[in-house]
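A closer look at the structure
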Amino acid sequence: MSLIKQDDRITVDTFLEGIWRENPVFVMMLGMCPVLAVTNSAVNALAMGLATAFVLVASSLLVSLFRNLIPSEVRIATYIVIISTFVTIVDYTMQALSQEVYNALGAFIQLIVVNCIILGRAEACASRNKPLKSMVNAAGMGLGFTLALLCLGVVREILGSGSLFGLPLFGEQFQPWVVMVLPPGGFLVLGGWLLFFEWLKTRKQSLAEGVTHG
Amino acid sequence: MSKKHIVLHTAPHVKKPQDVPTIMRHVVYALLPIVAFAVYQFGISVLVLVIVTTLACLGTERFFNWMGNKPSSLSDWSSTISGILLALTLPPGFPLWMAAVAGIAGIAIGKAVFGGIGYNVFNPALVGRAFVQAAFPVAITTWTPAFFTGRFSEFVPSSLTLPFMMPPETAEWVKQVAVDGFTGATPLSLHKFQHISTAPFDLYTGMVAGSAGETSALLILVCGMYLVIRKMMNWQIPAWIFVGVAVTSGVLYLINPEKFADPVFMLFSGGLMLGAMFMASDMVGSPLTPKGVMIYGLLIGFLTVLIRQFGSLSEGIMYAILLGNAATPLIDTWTQPRLFGARRKSA
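Residues numbered from 1 in each chain as written. Chains lettered and ligands numbered in written order. Predicted model: local features only at pLDDT ≥ 70, side-chain atom pairs only at ≥ 80, totals over all residues. Heavy atoms only, no water.

1. Quick notes on the overall build of chain A
Put simply, the rule reads: Going along the chain from the N terminus, every DSSP run of H or I of four or more residues is numbered as a helix, and every run of E of two or more is numbered as a strand. Each residue is placed in one exposure class: buried if its accessible area under a 1.4 Å probe, protein chains only, is under 20% of its type's maximum, exposed if it is over 50%, and partly exposed if it falls in between. Throughout, a contact is declared for two residues whenever any of their heavy atoms are within 4.5 Å. Working definition of accessibility: Shrake-Rupley area with a 1.4 Å probe, residue cover restricted to the visible protein chains. Two residue types count as positive, namely Lys and Arg, and two as negative, namely Asp and Glu; His and chain ends fall outside the count. Charged groups are reduced to one reference atom each: NZ for lysine, CZ for arginine, CG for aspartic acid, CD for glutamic acid.
Looking only at helices and strands, chain A has nine helices and two strands in total. C-alpha extents for chain A along the principal axes are approximately 70 × 60 × 25 Å. Looking at chain A as a whole, 41% of its 214 residues are labelled buried. In chain A, of all internal contacts separated by at least 6 residues, the share reaching a separation of at least 24 is 75%. Accessible surface computed for chain A: about 11300 Å², of which carbon and sulfur atoms make up 69%. Counting 13 positive and 13 negative side-chain charges, chain A places the averaged centre of each group 10 Å from the other.

Next up, the structure:
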């Protein structure tokens, strides 16, 4: 019997923590490579987010099921094998569904294998919790990651190409902001969102303090 | 017998306050003649351009004050300078909404995120210009002729483009107003892409096309001298930049006079004067020691010539200064004076 007893209850927070309080992109700053590289349009961002979320949930389930069988010395290697299994599934599925999106995402689909969010979840959550709880948690994280990618993708596509999910918004005369679809645009928009969320947080804090003091 | 008073003071004995707002205010004074000449040369489009960028810079500064719960920092004049300088680096017919974007981006990315005045790594005006150069590469290289008739009563058509829309083609309009065969190119791009050189006298006095405030090299020199005389600017920075440009382009000119421009042309064309005098000498982004200033100036001069002659753009002073800004912390570390009595590092 281990001394530390894991809390097996599944609460709303198990699901929600990945979306807001511990958002993988905006709070934990994990998986920055796909965040910056493939968010130049909303469609790419959504596809990347869903692909990662699928791998995250499925591998969390498998890791959690096998958590008592995997020797701790080789656990990272085992996780990688499990994750890459699902990445291969995603890779072929996406190729079958839309060659266009597949080409746009390029190597980043295969690189989901080394996405630190997935490995981090396997290590921190799935290897210590029961399957259902780790799946719920992984689903929240995956959704949080997808939403974060969409936040970037939507801004970059509106400014960079004047469209949203491929539908033109401004008409023929729109002047695209070239920089927004280029790598610097990714950094700028990410920085803008981080600033915004950080500002929301500090504002909430100072408002809460104001209430207790005043 | 008259009674003599002896006034005793403890240090400091400085009578005139020379704080940041005072110096910045004088920089604004020094810029006003350049703005006036730009308006005289290009008409009301430039006047409105200056107003729009300045308002955009001030508004952004105030917005970030509000966001950070800080008192307003508009009265230190630094954002006003950024706004004016930014307008002077833009083409005269630059769409006003893009100019506002440039002002917002310059202050937000170049200054506010670092913590406001004194903490910025890069010159905010140049960050703004670099942003629109990357975002709207066509609009920022569309030049309109100087001294066209009716410049005080009508706008350049591209100025009043609706926000988020593409500016209209100005070629037809240019044909109507231009006095003679205006090619829509600055002296630098003429030299680089068509091998046409411009008469030196036109360059000194600003009778050429170009960004709003960069054309008259002499006027910028005179305005810069005002700040130097008031000891509000480190004259060594522009001086070393000029040396860097002259030496680099001189060597190139000696190697191949047909391909490369002569040093005099290099010094007096493009935004070099404005950049060297008013942007590279920004106190925040430049090194502290004389030796550091030398390295900084030579680096900027060298890079400017390099980009102008070998890069894909015809003008390079903007990126050169931004790179110089980026190198400043490193230069400052290298050139720290040895403390008296401290031992030399043995190699």
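Now that the structure has been shown, we can carry on.
2. Comments concerning the interface of chain B and chain A
Applied cut-off: Once two parts are joined, some of their accessible surface, as seen by a 1.4 Å probe, is lost; buried area is that loss totalled over both. A pair is scored as a salt bridge if a Lys or Arg side-chain nitrogen falls within 4 Å of a carboxyl oxygen belonging to Asp or Glu. Polar contacts, as used here, are pairs of N or O atoms within 3.5 Å; protein pairs need one atom able to donate a hydrogen and one able to accept it. Residues neighboring in sequence count only if both atoms are side-chain atoms.
Taken residue by residue, the interface counts 16 residues in chain B and 14 residues in chain A. Around 1400 Å² of area is buried between chain B and chain A when both sides are counted, 77% of it from carbon and sulfur atoms. Ranking the residues of chain B by area buried against chain A places M67, F164 and M166 of chain B at the top, with a combined share of 39%. In this structure, the connection of chain B to chain A is made through zero salt bridges. The tally of links between chain B and chain A comes to five residue pairs in polar contact (both at pLDDT 80 or more). Looking at the side of chain B that touches chain A, the elements that each hand over two or more residues are α2 (44-67), α4 (96-110) and α5 (124-135) of chain B.

3. Some words on the layout of surface pockets
Put simply, the rule is: A 1.4 Å probe that fits but cannot get out identifies a cavity on a 1 Å grid over protein atoms alone, an open set with protein on both sides within 12 Å along at least five of seven lines counts as a pocket, and a residue lines either if it has an atom within 4 Å of a point. Grid points are joined across faces, edges and corners, and a volume is the space filled by probe spheres set on the points. Under the scheme applied, nonpolar residues are Ala, Val, Leu, Ile, Met, Phe, Trp, Tyr, Cys and Pro; charged residues are Asp, Glu, Lys and Arg; polar residues are all the others, including Gly.
Taken as a whole, the largest pocket holds about 1200 Å³ of empty space. Residue lining of the largest pocket: 34 residues in total, with L188 of chain A together with A105, A108, I109 and F131 of chain B positioned closest to the centre. Taken together, the elements giving at least two residues each to the lining of the largest pocket come down to α7 (131-161), α8 (178-181) and α9 (183-213) of chain A together with α2, α4, α5 and α14 (317-334) of chain B. Residues belonging to the lining of the largest pocket are distributed by class as follows: 31 nonpolar, three polar and no charged.

4. Focus on empty space enclosed by the protein
Gaps between atoms show up when a probe of the same size as a water molecule is rolled over them. Residues and elements named next belong to chain B. Using the criterion set out here, one finds three cavities of 30 Å³ or more in the structure. Roughly 310 Å³ of volume is contained in the largest cavity. What lines the largest cavity is a set of 21 residues, among which M24, I81, F278, D282 and M283 lie closest to the centre. Here the lining of the largest cavity takes four residues from helix α3 (residues 78-89), the largest share from any one element. Grouping the amino acids of the lining of the largest cavity by side-chain chemistry returns 14 nonpolar, five polar and two charged. Quantified by volume, the second largest cavity comes out at close to 70 Å³. Along the walls of the second largest cavity sit T186, P187, L188, L203, V208, A209, G210, E214, T215, F268, S269 and G270, which together make up its complete lining. Within the lining of the second largest cavity, the residues separate by chemical class into six nonpolar, five polar and one charged.

5. Examining the pattern of salt bridges
Charged atoms that come close allow side chains of opposite charge to pair. All names here are of chain A. Tallying each qualifying case throughout the model produces seven salt bridges over all chains. Of the charged contacts, one joins R21 and D13 as a salt bridge, the two residues approaching to 2.8 Å between their closest N and O atoms. Given the relative accessible area of 37%, D13 is considered partly exposed. Note that R21 is salt-bridged to E17, the shortest N-O span being 3.2 Å. What makes R21 partly exposed here is its relative accessible area of 45%. For E17, a relative accessible area of 14% corresponds to the buried category. A network of salt bridges, in which partner residues are shared, links D13, E17, R21, E22 and R121.

6. Focus: the packing of aromatic side chains
Put simply, the rule reads: Stacked, edge-to-face and tilted are the three classes for Phe, Tyr and Trp ring pairs, Trp counted by its six-membered ring, which pair at centre distances within 6.5 Å; planes under 30 degrees apart are stacked, over 60 edge-to-face, the rest tilted. Placement of a positive charge over a ring is assigned whenever Lys NZ or Arg CZ falls within 6 Å of the ring centre and within 35 degrees of the normal to the ring plane.
Here the structure, examined in full by the defined rule, presents 20 aromatic pairs over all chains. On the basis of an interplanar angle of 50 degrees and a centroid distance of 6.2 Å, the ring pair of F37 of chain B and Y40 of chain B is categorised as tilted. A residue pair is termed a helical-turn pair when its members lie 3 or 4 positions apart in one helix, as F37 of chain B and Y40 of chain B do in helix α1 (residues 20-42) at three residues. Pairing F63 of chain B with F64 of chain B gives two aromatic rings, centres 5.5 Å apart and planes at 85 degrees, and the pair type is edge-to-face. By way of ring pairs, the aromatic residues W20, F26, W193, F196, F197 and W199 of chain A together with F63, F64 and W66 of chain B are connected into one cluster. Here R151 of chain B stacks its cationic end above the ring of Y40 of chain B, 5.4 Å away from the centre of that ring.

7. Topic: the nonpolar core
Note the threshold: Nonpolar cores are built from buried Ala, Val, Leu, Ile, Met, Phe, Trp, Tyr and Cys residues. Side-chain atoms within 4.5 Å join them into one set.
W177 of chain A together with L31, F94, F131, F136 and F278 of chain B are the most contacted members of the largest nonpolar core, which has 126 residues in total. Tallying contributions element by element places α1 of chain B first for this core, with eleven residues. Apart from residues lying up to four places away in sequence, W177 of chain A is in contact with L159 and G160 of chain A together with W97, V101, F131, A135, F136 and F164 of chain B.

8. With respect to the packing of α5 of chain B against α14 of chain B
Residue and element names in this part refer to chain B. Convention followed: Orientation is described by lines fitted to C-alpha atoms, with helices fitted over the stretch in contact, and by angles between N-to-C directions that extend from 0 to 180 degrees. Here is the rule for angles: anything less than 35 degrees is roughly parallel, anything more than 145 is roughly antiparallel, 65 through 115 is roughly perpendicular, and the remaining ranges are oblique. By convention the crossing between two helices is left-handed if the near helix lies anticlockwise of the far one by an angle smaller than a right angle, and right-handed if it lies clockwise.
Between α5 and α14, the least distance of the axes is 10 Å, while the angle of their chain directions is 125 degrees. Looking at the two axes, α5 sits oblique to α14. Crossing angle aside, the handedness with which α5 passes α14 is left-handed. Contacts from L126, V127, R129, A130 and Q133 in α5 reach M318, Y319, I321 and L322 in α14. Here the residues of the contact of α5 with α14 are counted per class, giving seven nonpolar, one polar and one charged.

9. Describing the side chain of D332 of chain B
Note that D332 of chain B resides in helix α14. Filtering out sequence-adjacent residues up to four positions away, D332 of chain B remains in contact with P287, L288 and T289 of chain B.

10. A short note on helix α13 (residues 290-310) of chain B
Stated formally: Expected helix span is computed as 1.5 Å times (number of residues minus one).
Its 21 residues place the ends of α13 of chain B 30 Å apart at the C-alpha level, agreeing with the 30 Å of an ideal helix rising 1.5 Å per residue. Buried within α13 of chain B we find G292, V293, Y296, G297, I300, G301, L303, T304, V305, I307, R308 and Q309 of chain B.

11. Observations concerning a nonpolar patch on the surface
The cut-off we apply is this: Residues with no salt bridge and a relative accessible area higher than 30% make up the patches, which join like charges within 9 Å and nonpolar side chains (Val, Leu, Ile, Met, Phe, Trp, Tyr) within 5 Å.
Together, V12, F15, L16, L143 and L147 of chain A make up an exposed nonpolar region whose accessible area comes to about 420 Å². Breaking the nonpolar patch down by element, the ones donating at least two residues are α1 (12-16) and α7 of chain A.

12. Quick word on unusual backbone geometry
Residues and elements named next belong to chain B. Located in the positive-phi region is N69, a residue other than glycine, with phi close to 55 degrees. The residue N69 is located in the loop between α2 and α3 in this model. Of note, W77 is a non-glycine position whose phi angle comes to about 70 degrees, a positive value. Residue placement: W77 occurs in the loop between α2 and α3.

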